[in-house]
Amino acid sequence: MENKKKVAFYTLGCKLNFSETSTIARNFKDEGFERVDFEEFADMYVINTCSVTENADKQFKQIVKKAMKINDKAFVAAVGCYAQLKPEELAAVDGVDLVLGATEKFKITDYINDLTKHARSEIHSCEIEEADFYVGSYSIGDRTRAFLKVQDGCDYKCTYCTIPLARGISRSDALGNVLNNASDISKQGIKEIVLTGVNIGDYGKGEFGNKKHEHTFLDLVQALDKVEGIERLRISSIEPNLLKNETIEFVSNSRTFVPHFHIPLQSGSNAILKKMKRRYLREVYTERVNKIREVMPHACIGVDVIVGFPGETDENFLETYNFLNEMDISYLHVFTYSERDNTEAAEMENAVPMNVRNKRSKMLRGLSVKKRRAFYESQIGTNRSVLFESENKEGYINGFTENYVKVKTPWNPVLVNTLHQIKLTKIDEDGSVRLDFLNVMV
C-alpha cells in the first residue's frame, strides 16, 4: 500500500474560516490525503487567511516560516480572504507555491497535480463579482461544538470593511441543505452548533442565486429548532438592524437556541456610525438590548466595538464609553481601527494617532473585564446547564453554560462533551466560575 500524502491546515480569523477549512480538509480526505496537525511533518500546508486585522498579515509570514522549518520541501498554499485581496503580496512570501482566491479555494485539489515546489508562486484569484455561488460548509472533529455556515458575502458598504471585496455579494445556503448539514453534525455526537456566516441576519438572500428571499433568518431559526439530536444552537454574530423582536422572542422560548447574542455596535456615537455607513443608530441598539433583557434577563450579550475610527474625537469616544458603561451587556470584543486598502475610511481625514487608538482600546478592554465580572457575579447561585470541553487544562476541565459563563471543575475525562445540570457557586482567581453538580455524577 502506498504511503498517503499528508496535509496540514492553519486557520486565521473567524469562525466562518474554521468551518470552511474543515470542508476543504474533507475534500483532501476524499482525494486520499491524510490530515495531520500543523506542527507535524506534512507534504502540503494549507493556510486559510484573514483580512480583518493588521496582525493577520504579519502572522501569515510567520506561519509559512514555521511550515518551512518543519519541511522545507513542503508545498504551501494560501487561500481565503487575504489571498483574494492581496494575492501578489502572499505569492511574494518565500515558500508559498499556490494562492487561491474566493471562488477557487473550494476547488483546491483541482489545482494540485504534483507537490513539487514551484519556482514562482501560482495565483488563481477571480474578479470578486464572480464569487456569486454558494459553498456550504461546517467544521467538526476538533471541538465539542461545530460551526455551521449558513450564509456568505455581504451587501453592506461599511466604510472600514474589506469583506465584500474579499467574499463577494450576500448569498445563502438553501434551507434544506442547512438542515441536512445540521442533522449530519448531530449524528456525530456533537452537542452544540454555532451558526456562522458573514452577515447571518441577511439569511435567505441569494438562496436561488438572486436577491429573492425564499426564507428569512427567523424561518431558519424555527426550522433548526426542530432538528432531532441537537442539544444546543448558538447564533454567533448578528447585526442589530437584522435582529428582529420575533427572533428574540422565539429564542426565549426555544427548545435548543441558547440565550446568548453577539451584536456588533462598532460605535456608541451616531456621528461615527454615520461615517461608518452602519445601517442603524445607537437608539436601535438600545432597543435590541432592552428587548433581550425583558424576555431573557439572564442572557449573555456580547458587543463588537471599533476604536480610533477616522475623525473619532475624545467626545465621540466618551459617548461610546458611557453608552456601553450604562448598558446591561456582558462583554466586549474591542478592535483597534486599522486602515485597509480600497476602503472609503482609509481615505478619510483626521486619522486618530496610533497612541490614542491604543489608549482608547485599553480603556474599553478594561470596561469589558468589569462587565464580564459583573455578569458572572449576577449568575452566582443560579442553576444552569454546562457543556464540557475536551482539554485537560492544568488539572481542570472547562465548559460553558448556555448563557456563556465559563466554568471549571477538577479534570474528569468522563465529563468531556457531556451536558450537566449545575449550580454556579463562586468566581475563581482566574475569572472562571466554580460549580456544584445537581445531577448525580457517575
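The rules behind each value
- Residues numbered from 1 in each chain as written.
- Predicted model: local features only at pLDDT ≥ 70, side-chain atom pairs only at ≥ 80, totals over all residues.
- Heavy atoms only, no water.
- Pairing = 2+ DSSP bridges.
- Helix = DSSP H or I, 4+ residues; strand = E, 2+ residues; numbered from the N terminus.
- Axes fitted to C-alpha atoms, helices over the stretch in contact; angles between N-to-C directions.
- Contact = heavy atoms within 4.5 Å.
- Core = buried A, V, L, I, M, F, W, Y, C linked by side-chain atoms within 4.5 Å.
- Buried < 20%, exposed > 50% of the residue type's maximum accessible area, 1.4 Å probe, protein only.
- Arc of directions from axis to C-beta.
- Salt bridge = Lys/Arg side-chain N within 4 Å of Asp/Glu carboxyl O.
- Phe/Tyr/Trp six-rings, centres within 6.5 Å; stacked < 30°, edge-to-face > 60°.
- Lys NZ or Arg CZ within 6 Å of the ring centre and 35° of its normal.

### Examining the sheet that holds strand 5 (residues 98–100)
At step 1: Taken together, six strands build an open sheet; the order of strands is 2-1-3-4-5-6 and the sheet is parallel. Edge positions in the open sheet fall to strand 2 (34–36) and strand 6 (122–124), since each of these has one partner strand only. On average, each strand axis in the sheet is tilted by 20° relative to the strand beside it, whichever way the strands run.
At step 2: Relative to strand 1 (residues 6–11), helix 1 (residues 15–30) is tilted by about 170°, and along the sheet it contacts strand 1, strand 2 and strand 3 (44–49).

### Topic: the sheet that holds strand 13 (residues 260–266)
At step 1: One open sheet accounts for three strands, arranged 13-14-15; its pairing is parallel. In the strand order of this sheet, the two ends are held by strand 13 and strand 15 (331–336), each with one partner. For this sheet, the mean inter-axis angle between neighbouring strands, taken without regard to orientation, is 20°.
At step 2: The sheet contact formed by strand 13 and strand 14 (residues 300–307) spans six bridges and is parallel. Counterpart to histidine 262 in the pairing with strand 14 is glycine 302.

### Considering the nonpolar core
Side chains of a nonpolar character, in soluble globular proteins, are inclined to be buried together.
At step 1: By size, the foremost hydrophobic cluster in this structure holds 49 residues, and its most contacted members are Leu195 and Leu364.
At step 2: Ranked by residues supplied to this core, first place goes to helix 7 (residues 217–224) with five residues.

### Some words on the environment of aspartate 110
At step 1: With respect to the helices and strands, aspartate 110 occurs in the loop between strand 5 and strand 6.
At step 2: Judged by relative accessible area, which is 57%, aspartate 110 ranks as exposed.
At step 3: C-alpha of aspartate 110 to C-alpha of glutamate 31: the two residues are 79 residues apart in sequence and 10.0 Å apart in space.

### Digging into helix 8 (residues 245–252)
At step 1: Along helix 8, the residues that are buried comprise Thr247, Ile248 and Val251. An end-on view of helix 8 places all buried positions within 100° of arc, on one side of the element.
At step 2: Elements that come into contact with the buried residues of helix 8 comprise helix 7, strand 12 (232–235), strand 13 and helix 10 (282–295).

### Quick notes on the pattern of salt bridges
At step 1: Under the definition given, this model contains 29 salt bridges.
At step 2: Two residues, arginine 282 and glutamate 319, come together in a salt bridge whose shortest N-O distance is 3.6 Å. Taken together, the positions of arginine 282 in helix 10 and glutamate 319 in helix 11 (residues 314–326) put the pair 37 residues apart, joining distant regions of the chain.
At step 3: You can call glutamate 319 partly exposed: its relative accessible area is 33%.
At step 4: With its nearest N and O atoms 2.9 Å apart, the salt bridge here joins lysine 408 to aspartate 428. Of this pair, lysine 408 sits in strand 18 (residues 406–410) while aspartate 428 sits in the loop between strand 19 (419–427) and strand 20 (433–437), placing them 20 residues apart in sequence.

### Considering the packing of aromatic side chains
At step 1: Scanning the entire structure with this criterion turns up twelve aromatic pairs.
At step 2: Centroid distance phenylalanine 375 to tyrosine 376: 6.2 Å. Interplanar angle 50°. Geometry classified as tilted.
At step 3: Among the aromatic residues, those joined into a ring-pair cluster are Phe9, Phe28 and Phe33.
At step 4: Positioned above the aromatic ring of tyrosine 138 is the side chain of arginine 26, whose terminal nitrogen or guanidinium carbon lies 4.2 Å from the ring centre.
At step 5: Here the guanidinium or amino end of lysine 408 rests over the ring plane of tyrosine 396, the centre of that ring lying 4.1 Å away.

### Brief notes about unusual backbone geometry
Phi is mostly negative for residues that are not glycine, and the peptide bonds are mostly trans.
At step 1: Located in the positive-phi region is asparagine 350, a residue other than glycine, with phi close to 60°.
At step 2: Mapped onto the secondary structure, asparagine 350 falls in the loop between strand 15 and helix 12 (354–379).
At step 3: Despite not being glycine, tyrosine 404 shows a phi value in the positive range, around 65°.
At step 4: For tyrosine 404, a relative accessible area of 24% gives the class partly exposed.

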